Amino acid sequence: MNVKARNRKKLKIKFNKSSAELNSALPWLKRIGWGIIAFFMSFSSLVGGCCPFAVSLITASSKMNVAFAAVGAGIGYIFFCDDEQAIRYFSAVIISSISTFIMTILNNKKDAVLPMIISALSVMSTGFVMNLRLGAGAGEYALMLGESVLAAGGSYFFYKAVSCDMRRLKLKALSVSDLTCVLISSAVVLSGLSFVQIKGVSPARVVAVFAILSTIRYGSQRWSMIVALCLGFALGISRENSLFLLGAYAFSALLSSLFTSFSSLGVGVSYCLSMTFFAIAANMGSFSVCCVVESIIASAVLVLLPDIVADRLNELWEGGADIAPEGSLRQSLVVRLRLASCAIAQVSESVRDVRERINSIGNVNPVDSELRMVASDQFFSISEMLEDLAFEFDEAESFDCRSAGKIRRMLGEYNIYPENISVIVDKFGRYRIEILAPKGTKGLDNPKVRGELCKICKRELDTPKISFSSAGVVMICTEKPNFKMSIGFSQYCAEGKLCGDTIKTINDSRGHTILIISDGMGKGSRAALDGAMGAGLLSKLLCAGFGFDASLKVVNSALLVKSSEESLATLDCASIDLFTGKCEFYKAGAPKSYILKNDRLTKCELSSMPAGILRGIEFAKRTTVLCAGDELVMLSDGVTDSGDEWLDEFIEDCNAASAQEKAQAILEQAVEHGDKNHLDDMSVIVARLM
């Protein structure tokens, strides 16, 4: 083992040791954290000098954290309360901690009811004894009763907040009630810290205002109001004559949410102006001034926030919005498609069984028998096509509903009102946007719309593909791939003006360019009909999202039943993934293709049957990977009818400037080398990856 390897091994051992030490220390750090929070809760004084929230925190603690929370609360009450109150709250701490510990041992802490009862009785019993000893009046007993209610409420909020799985917060899976409990609990903690001040300015209130502003800027109006109300209430009851913070925070949040289009500066300025109005109306001297200063500080932090922090805040509010949970519409659709696929396959089997039984009964017309088998094949093809659709939906990692909502609002600004918008993210993280708008909709081809789509999805998108159908106007926009294809093709008609070969070049809107040559039997109009039928049907099915194998079966069945005369067509296909360069060849009776890769010529020759002769034919397949500058040459068999000795050298040596020029040059050479009296239809496709 060399020195570098030994050093790496030592570093790995050291890192693993450090991680193990951190994991072992983490539970203790959490317990100490409970004690520190309870300490601050002990001097979270409300109007009237009530401090019940540390007791509430104890009752919400787990068995391992009760002791630490009790110690922190006890120390805080001793240091920050006068003698009578310190004895009273210290006694409440002892009662609540012992009761909570017993409750956790008995495993009875299943909901918030028992913690609420324990905290309320602890505060009430100690308060009753103290008031009885001091000979207090009815007002003190009423205050004691109100404090007990607050203690029970604090236990409820703390218990619900502690019981929440905070991982669900990122996934947006927390209910509104649970998230509100988390917010109120956090607000109570901030109220405990609000007594730490620098010349009257409270850092805790600065944090509270920043939380409101960041929610307005990166969250939603609804959540900003919830945050403002929770923080305003908790901080408003923390001192006398400060309850106006509840209304000030809430109204300022509502007003600022109207200025989110003016970015962080608009939100901050509008919030500060609103708080200034409330501060003047409250007329509380230095406290009013401090509230305005706190708003200005928080607004400045929001405006000067680094991009990386702003992105994290944006992710906090948007994270998980595109996660399709189990039982979602997508999963339901996949299941239904697969059930339908199975049902159609069973129909195919039933047709086949009926045909065999009829044949066993007596003499049957062979043509009728063959038609029944073709019908069975058609049902089976439909079954495979449904399975292809199910596979495609299942492969989609997620539907970005949040981006779809933003796109709908954006299109509304251009007076475009689509019926459906789907933003699909596949397993490779590629975006595809599908928009269905009513017939007659205009403006989808506006370059500004494409620019807005790029901003919303934060991806560079390719030029949208717009098509018109009976359902309406369909716009499909995909993420811009890493490569593009330069395609050239040329054809020669051996008889008349109709070529028996058909060429199709399509983009499937999923980042694939598909090249097709279909050669009908013979030449002239009949061959042209077969070739056009084969290539046309195949291209339409592939564009619709069906797979090559299922589409071939449909084309084959269609050619079998087209007429009583023999009808066939070869199919030569190449599918190039413009993101990765992966090229897949599919051949049904087609001649070889040529790949010019790094100036070296290789051939793809596969044995297979053309479509329209027999049932159950399949594509012969091969895969390769192309790089920028590589070239693909596809041709029909008419090009090499008189031999292909010249073709290899010509493809390698031809330095045509464009793919179109090279395709034309190959065709001219093929005509020149061919038998002038027996020329067949010829087709050439040249595709260069760029």
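What counts, and where the lines are drawn
- Residues numbered from 1 in each chain as written.
- Predicted model: local features only at pLDDT ≥ 70, side-chain atom pairs only at ≥ 80, totals over all residues.
- Heavy atoms only, no water.
- Helix = DSSP H or I, 4+ residues; strand = E, 2+ residues; numbered from the N terminus.
- Contact = heavy atoms within 4.5 Å.
- Areas by Shrake-Rupley, 256 points an atom, 1.4 Å probe, with all protein chains shown as cover.
- Phe/Tyr/Trp six-rings, centres within 6.5 Å; stacked < 30°, edge-to-face > 60°.
- Lys NZ or Arg CZ within 6 Å of the ring centre and 35° of its normal.
- Buried < 20%, exposed > 50% of the residue type's maximum accessible area, 1.4 Å probe, protein only.
- Axes fitted to C-alpha atoms, helices over the stretch in contact; angles between N-to-C directions.
- Parallel < 35°, antiparallel > 145°, perpendicular 65-115°, else oblique.
- Left-handed = near helix turned anticlockwise from the far one by under 90°.
- Nonpolar A, V, L, I, M, F, W, Y, C, P; charged D, E, K, R; others polar.
- Salt bridge = Lys/Arg side-chain N within 4 Å of Asp/Glu carboxyl O.
- Pairing = 2+ DSSP bridges.
- Core = buried A, V, L, I, M, F, W, Y, C linked by side-chain atoms within 4.5 Å.
- Patch = residues over 30% accessible without salt bridge, like charges linked within 9 Å, V, L, I, M, F, W, Y side chains within 5 Å.
- Lys, Arg positive; Asp, Glu negative; His and termini not counted.
- Charge placed at Lys NZ, Arg CZ, Asp CG, Glu CD.
- Expected span 1.5 Å × (residues − 1).

*Asks:* Would you mind going over the overall build of the chain with me for this structure?
*Replies:* Helix and strand content of the chain: 22 helices and 15 strands. Of the contacts made within the chain by residues no fewer than 6 positions apart, 69% connect residues no fewer than 24 positions apart. When the accessible surface of the chain is split by element, carbon and sulfur atoms take 61% of a total near 34,600 Å².

*Asks:* Even after reading the chapter, I still don't get the packing of aromatic side chains, so can you show me in this structure?
*Replies:* The final tally for this structure, using the stated rule, is 11 aromatic pairs. Geometrically, the ring pair formed by Trp646 and Phe650 is edge-to-face, given 6.3 Å between the ring centres and 65° between the ring planes. Of this pair, Trp646 and Phe650 both sit in helix α21 (residues 645-653), four residues apart, which is roughly one turn of the helix. Put simply, the rings of Phe251, Phe277 and Phe278 touch in pairs and so form one group of aromatic residues. The ring of Tyr89 has Arg88 sitting right over it, with the charged end atom 4.7 Å from the ring centre. Directly above the aromatic system of Tyr218 lies the positively charged group of Arg217, at a separation of 5.3 Å from the ring centroid.

*Asks:* How should the environment of Val93 be read in this particular structure?
*Replies:* Here Val93 lies in helix α4 (residues 83-105). Under the relative-accessibility criterion, Val93 is labelled buried at 3%. With 33 residues separating them in the primary sequence, Val93 and Thr126 have C-alpha atoms 10.0 Å apart. In contact with Val93, other than residues within four places in its own chain, are Val55, Ile58, Ala70, Ala73, Gly74 and Tyr77.

*Asks:* Would you mind showing me how to read the packing of α4 against helix α5 (residues 113-134) here?
*Replies:* When two helices pack together, you describe them by how their axes are tilted relative to each other and by the distance separating the axes. One way to put it is that α4 packs onto α5 with a least axis distance of 9 Å and a crossing angle of 150°. Considered as vectors, α4 and α5 are oriented roughly antiparallel to each other. In this structure, α4 crosses over α5, and the sense of that crossing is right-handed. On α5, the residues touching Glu84, Gln85, Arg88, Ser91, Ala92, Ile95, Ser96, Ser99, Thr100 and Met103 of α4 are Leu114, Pro115, Ile118, Ser122, Val123, Ser125, Thr126, Gly127, Met130, Arg133 and Leu134. Each residue belonging to the contact of α4 with α5 can be placed in one class, and the counts come to nine nonpolar, nine polar and three charged.

*Asks:* In this structure, what is going on with the packing of helix α9 (residues 203-218) against helix α10 (residues 221-236)? I would like to understand it.
*Replies:* Running from amino to carboxyl end, α9 crosses α10 at an angle of 165°, the nearest separation of the two axes being 8 Å. In this view, α9 runs roughly antiparallel relative to α10, as classed from their interaxial angle. Like other packed secondary-structure pairs, α9 and α10 cross with a definite hand, here left-handed. Of the residues in α10, those in contact with Arg205, Ala208, Ala211, Ile212, Thr215 and Ile216 of α9 are Trp223, Ser224, Val227, Ala228, Leu231 and Leu235. Along the lines of polarity and charge, the residues of the contact of α9 with α10 split into nine nonpolar, two polar and one charged.

*Asks:* Is there a simple way to think about the pattern of salt bridges in this case?
*Replies:* Side chains that carry opposite charge are capable of pairing whenever their charged atoms lie near each other. Scanning the model with the defined rule gives 14 salt bridges in all. As a salt-bridge pair, Glu479 and Arg459 come within 3.0 Å of each other at their nearest N and O atoms. Taken together, the residues span a long stretch of sequence, with Glu479 in the loop between β5 (472-478) and β6 (485-492) and Arg459 in the loop between α18 (447-457) and β4 (465-469) at a distance of 20 residues. On the basis of relative accessibility, which here comes to 16%, the residue Glu479 falls in the buried class. A residue is classified by how much of its surface remains accessible, and Arg459, at 28% relative accessible area, is partly exposed. Close ionic contact of Asp572 with Lys587 constitutes a salt bridge, the shortest N to O distance being 2.7 Å. Highlighted residues: Asp572 in strand β9 (residues 569-577) and Lys587 in strand β10 (residues 582-588), separated in sequence by 15 residues. Side by side, Asp572 and Lys587 carry an identical accessibility label, which is buried.

*Asks:* Hey, could you run me through the sheet that holds strand β13 (residues 620-625) in this one?
*Replies:* The strands making up a sheet are joined through hydrogen bonds of the backbone, oriented either antiparallel or parallel. Spatially, five strands are ordered β7-β8-β9-β10-β13 in an open sheet, and the strand pairing comes out antiparallel. Among the strands making up the open sheet, the edge pair consists of β7 (501-507) and β13. The mean inter-strand angle of the sheet, taken between neighbouring strand axes irrespective of direction, is 10°. Across the sheet, helix α19 (residues 525-543) touches β7, β8 (512-520) and β9, and the angle it forms with β8 is around 160°. Those strands touched by helix α20 (residues 548-560) are β8, β9, β10 and β13, and its axis lies near 160° from that of β9.

*Asks:* When you look at the nonpolar core in this model, what are you seeing that I'm missing?
*Replies:* For soluble globular proteins, nonpolar side chains are generally found buried alongside one another. In this structure, Tyr77, Ile212, Leu213, Leu245 and Tyr249 are the most contacted members of the largest nonpolar core, which totals 66 residues. In terms of nonpolar packing, the next biggest core, distinct from the first, is built from 22 residues, Met410, Leu411, Ile416 and Leu444 among them.

*Asks:* Sorry if this is basic, but what is going on with a negative patch on the surface here?
*Replies:* Taken together, the side chains of Asp599, Glu649, Glu652 and Asp653 define an acidic patch exposed on the protein surface. Mapping Glu652 onto the fold places it in helix α21.

*Asks:* When you look at helix α22 (residues 659-673) in this model, what are you seeing that I'm missing?
*Replies:* Because the α-helix completes a turn every 3.6 residues, residues three or four places apart line up on one side. Relative to the 21 Å expected for 15 residues at 1.5 Å per residue, α22 spans 21 Å between its end C-alpha atoms, a close match to the ideal helical length. What α22 keeps buried is the set Ala659, Lys662, Ala663, Ala665, Ile666, Leu667 and Ala670. Elements that come into contact with the buried residues of α22 comprise β6, β11 (593-597), β14 (631-635), α21 and β15 (682-689).

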